[in-house]
Amino acid sequence: MSAYIIETIIKVVVVMLVFSALAGFITYLERKVLAFMQRRLGPMYVGPYGLLQVLADGIKLFTKEDIVPSNANRPIFMIAPVISAATAFIAMAAIPFFPEFDLFGHTVRPIISDINVGLLFVLSVGAIGMYGPLLAGMSSGNKWSLLGAARATVQLLSFEVVSGLAILAPLMVIGSLSLIDINNYQHGGIFDWLVWTQPVAFLLFIIAGYAELNRTPFDLLEHEAEVVAGFATEYSGMRWGMFFIGEYANMITLAFLSALIFFGGFNDLWFIPGGIAILLKVMFFIFLFLWVRAAWPHIRPDQLMWLCWKVLMPIALVNILITGIVVMI
Amino acid sequence: MVNSKAKYVEVELEKYSLKPFDRFKRVMKRTFKGELFVGLGIVFREMVRFNIHTTQYPGEKLPISPRYRAIHELLRLLESGNERCIGCGLCEKICISKCIRMDTHLGEDGRKHISEYTINFGRCIFCGYCAEVCPELAIVHGPRYENSSEQRAHFGLKEDMLTPIDVFKKGAQKEYPGFGAPSPDADKRIKKTPLAY
Amino acid sequence: MKEITIFIDGKELKAIENEYILNIARENGIFIPAICYLTRCSPTLACKLCMVEANGKRVYSCNAKAKEGMDIITTTPEIEEERRAILEVYDINHPLQCGVCDKSGECELQNYTLEMGVDVQHYHIADSKKEIEDWGHAKYDPYLCIMCERCVTVCKDMVGDAALKTTPRGTEALDKDWKDKIPKDAFSIWNRINKNIIGRVEENNRCEDCGECIAVCPVGALANSHFQYTSNAWELTKIPATCPHCSAGCLIDYEIKHTDIENSECKIYRVTNDWNYVTLCGAGRFGYENKNSTTKCEKDFLSAMDAFLRADTIRFSSFITNEEALILQRLKEKRGYKLINSDAYNFQKFLEDYSKTSGSSLYSGSKRDIHSSDLIFTIGGAMSNDNPNIRFALNNSGKLNKASIYYSHTYRDKIIQTLSKTTTEIVYKPLKEELVLLLLIDSIVEKSSIPEVISVYLESFKEKRVKTIQKEIKEKVLDEEGKEIEVAKKIDEEVEYVHNTILDELGLAQEFSDELKKDYSSKSSPILIAGSDLYSHKRAENIARLLGFIEKHSNFKVLLIPTSTNTLGVSLICDLDKEAGDYVIGYNDIGDYRLSSLGDGDLDMPALNQQEGTFTTIDKRVVPTNAALPYGGYELNDIAKELGVFSKETIRYTKMLPTKSGFVEALFDELPLEYTNGGVDNRGYELEAKSFEAQNAIDAADISSELEGDIVYKRDPISQFNEFTKSSKLLEAKDGIYCSLEFLEKRSLSSGDLVELEIGKESITHHVYVDDSMDGDIVALSTFQSRKLDHKIFGDGYRYVAAKIKKV
């Protein structure tokens, strides 16, 4: 039992460290990729090709003064970013990142906790993350923050519905909520991938995912031209950094989920071992985030709501209906 | 100058139908037209081509236009090396941000002399009117745009702006080709005064 | 003064017959270009730009007189052509250095050149070398001079010094060929410019450094040497104000700007005036430097409060605004202070006595009346020194109206002699002023209106005498051949006549009285000007009554010159006391605790150019003045507030000035401060004179007393009035004893020597200087440098004292 606890703790620490670091590294990637797509160079001065820029930014974030506005609701203001970051990491607890492997004769299962309702857990913890922006915005005592928080709540609540409904169809096909089961369901090679049978569900899921992560084209809640930095307007230093880490951790989570549910997870692909395969898939999804950000403009809040309730949700329902009929037959 | 190749299309908003079915059709048409992927394609293409346009300032610097308007300079007369400024005060008058001030006095030679001349660079908007109005090409814009300093007054006093006499003697004083400077064919356009005797 | 109707450019205008057309146009806001003409001076005809067509004939509007029904066209294509040629001539060799010209765009030549559209120059001549000259406050640059002669005109016709003239330049004459190529008028102007420049009169130059020539110069030829090149005109902000130095209360503009690059506090750069309407003396133009830069120091203020609580008397000078005078009056009513102001006290009494016989609470004359009068009689004041504007007006009417000037004073003033062709000087001994007035009454007042006391008294001077006159008679004699022929022969004949010993007393010929009478009856607007010798005279009461009597019973308007800036205002507002109490607060005056605008007292007060308020001028007008410079310290109103006389700002008192003395309830901010185009003083408002029944209560003269020994007269040099003008470094007149050259030689002194004055128990030593304008044995002692000295020597009394003068 104690071995299990120790193992879990080690896994937690590793996940925390690796993904925190990754979140930082993705910012570097993001800046570089965006720069290249815009014919720029991106960060170049700190370290070779600006590689240490992440470190510099990290040091800056850590050493910056932590300012709490005098009219803010102090405890809530201080706790909001923690909620945002914590939920992002907690959600990772049920995600199997890699296939099992042996380390020093010990079989390691690279999942912190294989819950049988893993997917549900991930989605619900992610939904709780909504409290981060909401509380941050409401406690800041700033009109831009409040507007940002309102937008965040509306956006997250709405798209939670779409993502939930979208994921329902594949689940009906698989019949399990455990992500390992979902992964194993697609073990039969590239044609077993759920994306072929559930393409609509995948599209809906990925669109809703973008919306929940406030990525372009749905980055309304911190759109500078309209609401300054939205709910994060009053934040500085590491507290702002936690929102940041939370967002990037969520990006990774979403990338893993997409890979696991629709793209065959960590099953071996041709000659590629499963561990590498899932990494490649995740890397593609992360790249897709950046790619989309470089290419597309963002949309208006009313268009966002229209898209959610009038387009995506009906399509999701129709998709479930059709899947249900197909499964029944 | 209308470019015949340009294909500008005026969008007539009235043409858009507001009927529900028409709107539905429009949405479907736009959704499946795949224009979104054109955008993705273009940025991806640019990334792959890797045709970077960044200038890595301060390592690299772009040449600036001779008409660039940066920190001012006071020039000296080419022959004598005396200050060109005659203290007429036109720059002070024309300055729209009221950042130029000058003190003048009666010199011992009976001429107007400037005792002190300042530009408050905290206020200057670098519009170039002073250089344009100057009848003597005395106050001009220099090419120096890097002006971080401990005090903004560091560039604004007469001794900061006036060409140092050693620089002048080396012949390193540069003429100003910007607004207010005589055009290259100025000589040709001069009309002789009938007062010539 | 017949009113006529004329037409200028089709516009129907009412005008006075024989007025110059240009003046009528200016009055009615019609523009006729003119450079050389000054509204109140005689036409020079130098610029010839003002040519117009009157009834189809070309005339110069500055010297063409308006006639009934005249139809005037100000511009025709031919006239425009000529004007353009004239401007072109003016521009010949005029340096194209407008950028560094001190005129900085206020240039009439520049304006007209652009107005006439001169963009090409057809005429040319080689320029000759000329010297830039330094004339004290003025600097003359002949290269810029266009020979409009405005400076010469103003100095001659207005100021009266005639210190400038045109002098030949000594250049070659113009080529004859030009004559055919150039319009006639333009050619004559070119000839003149080519021949002459402006020069100073070398012998007996009377220039008093008034700077009016600088003001009128249309180009940069005459520059103010203190101002030159210190600022462009357009950078200066004009603050219209009233000159605070004397009772003339001239409208001036303080021109202010930040001091320099480092110091943003405002500074007065120069004083300018609207020279068509106002002429400034040197003090007005150059005496602007006095200001009090101070900050609020609570300790000083508390000590001032202590002093005010302890004091029972406030002594103050008349260099004070009406509003502050009212504050002092309110303080008196509230706390029972005695108010001491000797010159206003004397003036108050004088005016009271005057009105008893004149039947009006105020005197009738004004400065403008002098300008338009044709007979002027002055008494009891050194007009040039006491109030230069009166001198300017005397000169102006002497020159333009050919007015006869009768100048009676205790010594001859050589400047006055030059003012008019018909100047008569009457010299009387100090304390004999009444005699002069009685002589005047005897000469001009109807015998029937003179009270018996006076006529009896006057008769007592007259005696029948016999004089021998040569008479030519024709006699028939027989010549050698026995023919009867007529031969002229002179014989002495004894004639009986009435001899008036008053005339002897005053050193006048026996014919004077009749001549004056004849002169008086031929003139339509005589004016009598009384100076401040009279107010402190021990017979002031009777003198005032005599003046009132003259005003009542003759055509004479009477003008009393208030002693200093606001003497009239103070005398109308304050209820003054004669004797001071034990503890005296001196406000710009001597006292145990001193409030001073000069910064040398116990508590600082703002100078008059740092105050808003009103003055009551010689013209009986209440005129506003504005603060040109900021003031950081306490003012009288702050003290008054603490003492329970409350008003938020000093200028709120303007409305509360006593209406029973003729003031009007008017808000300070609504008072106008300008002249009309016609040159009518439209500033503030005029006091309302109250009229009542006049009495004939005049008395005979008392001429029994005389001053023994050397006579010292309290008189400041020209352009110096008080400690405030003294603190202006630009005014150079020295303090000391001034005397005539004759006196100096008699006492074998030389200019600059120290002499000792022994006056009663007091004795002072001072330098002695020659005053060219003086004549006779009376010496003048200047007291502008210190109120203390004034008080010590003259005791706020009569301006003449007997003294002993010794060389040290």
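Residues numbered from 1 in each chain as written. Chains lettered and ligands numbered in written order. Predicted model: local features only at pLDDT ≥ 70, side-chain atom pairs only at ≥ 80, totals over all residues. Heavy atoms only, no water.

1. Topic: the overall build of chain B
Looking only at helices and strands, chain B features seven helices and four strands. For chain B, the sequential pattern of α-helices and β-strands runs α-α-β-α-β-β-α-β-α-α-α. Here the C-alpha radius of gyration of chain B, 28 Å, is well above what a compact globule of 197 residues would show, namely 16 Å. In terms of its C-alpha atoms, chain B occupies a principal-axis envelope of roughly 90 × 50 × 30 Å. Taken across its 197 residues, chain B has 27% of its residues classed as buried. Once local pairs closer than 6 in sequence are excluded, the contacts in chain B between residues at least 24 apart make up 68%. Once the 33 positive and 25 negative side-chain charges of chain B are each reduced to a mean point, those two points are 10 Å apart. (Helix = DSSP H or I, 4+ residues; strand = E, 2+ residues; numbered from the N terminus. Rg over C-alpha atoms; globule rule 2.2 N^0.38 Å. Buried < 20%, exposed > 50% of the residue type's maximum accessible area, 1.4 Å probe, protein only. Contact = heavy atoms within 4.5 Å. Lys, Arg positive; Asp, Glu negative; His and termini not counted. Charge placed at Lys NZ, Arg CZ, Asp CG, Glu CD.)

2. Quick look at the pattern of salt bridges
Residues and elements named next belong to chain C. All chains considered together, the criterion is met by 60 salt bridges over all chains. In this structure, the salt-bridge partner of Glu686 is Arg621, at a minimum N-O distance of 3.9 Å. Pair noted here: Glu686 is in strand E28 (residues 685–686) and Arg621 is in strand E27 (residues 621–625), with a separation of 65 residues, a long-range link. The exposure class assigned to Glu686 is partly exposed, which follows from its relative accessible area of 41%. (Salt bridge = Lys/Arg side-chain N within 4 Å of Asp/Glu carboxyl O.)

3. Quick look at the interface of chain A and chain B
Each side of the interface is counted separately: chain A has 15 residues, and chain B has 17 residues. Across the chain A/chain B interface, buried area totals approximately 1500 Å², and carbon plus sulfur atoms make up 71% of it. A per-residue breakdown of the area chain A buries against chain B is headed by Arg39, Leu41 and Trp296 of chain A, which together make up 40% of the total. Taken together, the links from chain A to chain B amount to one salt bridge. Measuring nitrogen to oxygen at the nearest pair gives 3.0 Å for the salt bridge that ties Arg39 of chain A to Glu46 of chain B. Where chain A packs against chain B, one counts seven residue pairs in polar contact (both at pLDDT 80 or more). Counting only elements with at least two residues in the side of chain A that touches chain B, the list comes to helix H1 (2–37) and helix H12 (274–295) of chain A. Tallied by class, the residues present in the side of chain A that touches chain B amount to 13 nonpolar, no polar and two charged. (Buried area = accessible area lost by both parts, 1.4 Å probe. Polar contact = N/O pair within 3.5 Å; in protein donor to acceptor, adjacent residues only side chain to side chain. Nonpolar A, V, L, I, M, F, W, Y, C, P; charged D, E, K, R; others polar.)

4. Focus: the interface of chain C and chain B
Chain C puts 23 residues into the contact, and the matching count from chain B is 22 residues. Surface buried jointly by chain C and chain B totals about 1900 Å² across both partners, of which 57% is contributed by carbon and sulfur atoms. Applying the counting criterion to the chain C and chain B interface returns zero salt bridges. Our count for the contact surface shared by chain C and chain B stands at nine residue pairs in polar contact (both at pLDDT 80 or more). Along the lines of polarity and charge, the residues of the side of chain C that touches chain B split into seven nonpolar, eleven polar and five charged.

5. What about the domain arrangement of chain B?
Along its sequence, chain B is carved into domain 1 (17–50) and domain 2 (72–182). Between the C-alpha centres of domain 1 of chain B and domain 2 of chain B the distance comes to 56 Å. (Domains from an automatic or database assignment.)

6. Observations concerning the environment of Pro33 of chain C
All names here are of chain C. Assignment of secondary structure puts Pro33 in the loop between helix H1 (21–27) and strand E3 (51–54). In this structure, the C-alpha to C-alpha distance between Pro33 and Cys50, residues 17 residues apart in sequence, is 5.4 Å. Contacts of Pro33, omitting those with residues within four sequence positions, involve Leu49, Cys50, Arg83, Tyr112 and Met116.

7. Points about the environment of Tyr37 of chain C
All names here are of chain C. Secondary-structure assignment places Tyr37 in the loop between H1 and E3. Look at Tyr37 and you get buried, because its relative accessible area is 2%. Tyr37 sits 363 residues away from Leu400 along the chain, and the two C-alpha atoms are 14 Å apart. When near neighbours in sequence (up to four residues on either side) are disregarded, Tyr37 contacts Tyr20, Leu22, Asn23, Arg26, Ser42, Pro43 and Cys62.

8. Quick notes on the pairing of strand E23 (residues 584–587) of chain C
All names here are of chain C. The alternating pattern of E23 places Val584 and Gly586 on one face and Ile585 and Tyr587 on the opposite face, and all of these are buried. As defined by bridge partners, strand E14 (residues 313–316) adjoins E23 across four bridges and the pair is classed as parallel. Counted as the bridge partner of Arg315 is Gly586 from E23. Here E23 pairs with strand E24 (residues 593–596) via three bridges, running parallel. Along E24, the bridge assignment pairs Gly586 with Arg594. (Pairing = 2+ DSSP bridges.)

9. Remarks on unusual backbone geometry
Backbone geometry follows two general trends: most residues other than glycine have a negative phi, and most peptide bonds adopt the trans configuration. With an omega of -5 degrees, the peptide bond between Tyr57 of chain B and Pro58 of chain B qualifies as cis. Looking at the secondary structure, you find Pro58 of chain B in the loop between helix H2 (35–49) and strand E1 (72–74). Look at Asp9 of chain C: it is not a glycine, yet its phi comes out positive at around 50 degrees. Turning to its location among the elements, Asp9 of chain C is positioned in the loop between strand E1 (3–8) and strand E2 (11–16). For Asp9 of chain C, a relative accessible area of 42% corresponds to the partly exposed category.

10. Brief notes about the side chain of Asp103 of chain B
Residue position: Asp103 of chain B is located in strand E2 (residues 100–106). Buried charge Asp103 of chain B goes without a salt bridge, the closest partner of opposite sign being Lys257 of chain C at 5.7 Å. Excluding anything up to four places from it in sequence, Asp103 of chain B contacts His113, Ile114, Ser115 and Glu116 of chain B together with Asp260 and Ile261 of chain C.

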